[in-house]
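Examining the three-dimensional arrangement
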Amino acid sequence: MSERVRAAIAHALSTAEPLSAYPDALINRGPAERERRSGRNRAPAGAYRMPRRWTLHLTYLAADAQEARDQAVVYTEGLTILRPELAASAALLSRADAWNHIEPVFCGRVGPDGEVCADATGHPGFHHAAGIDGLRWGDGDGTTGLLP
């Protein structure tokens, strides 16, 4: 603390002038007022912030679009194992130099009971929901399942 600040504080605390009433008011406040001003009863700093969506971009090398799609499926499934709250259906694929040309990594077709197809985009045959015994639907005629 500088000498000027120390002198100002000593002067404010030692004189009986009207300006010295402020330190007296600080000292004589009730415990509830001191606690409220100290911030101990405040909500945490981020308590009222709305959650935002964030995007993670992974860049990797692939020989062609099919290999890139296969690797994207592997990365996405790995991330959803580590972080189950992540939605695999939100994964998108694009070339690193053309981010505005995106395609979904997973089929995403909605089934009769509101399930979402968890198979990779372009899969042949039936659509199926996530899980070992996930519901299967569709014609199973070998169509690709690409989104219209």
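Structure: above.
Only a predicted model underlies this, so the values are computations on that prediction, with no experimental measurement involved. (Residues numbered from 1 in each chain as written. Predicted model: local features only at pLDDT ≥ 70, side-chain atom pairs only at ≥ 80, totals over all residues. Heavy atoms only, no water.)

So, about the environment of Cys107. Looking at the element boundaries, Cys107 is found in the loop between strand E2 (98-104) and strand E3 (127-128). When the C-alpha positions of Cys107 and Ala120 are compared, they lie 5.4 Å apart, and in sequence the two are 13 residues distant. (Helix = DSSP H or I, 4+ residues; strand = E, 2+ residues; numbered from the N terminus.)

Attention now moves to the pairing of E2. In the sheet, strand E1 (residues 92-95) pairs with E2 via three bridges, with the strands oriented antiparallel. The residue bridging Leu93 from the neighbouring strand is Glu103, located in E2. Hairpin connection between E1 and E2: a loop of two residues separates the two successive antiparallel strands. (Pairing = 2+ DSSP bridges.)

Turning our attention to the side chain of Arg69. Turning to its location among the elements, Arg69 is positioned in helix H4 (residues 65-82). Those residues in contact with Arg69 that sit more than four places away from it in its chain are Leu93, Glu103 and Thr121. (Contact = heavy atoms within 4.5 Å.)

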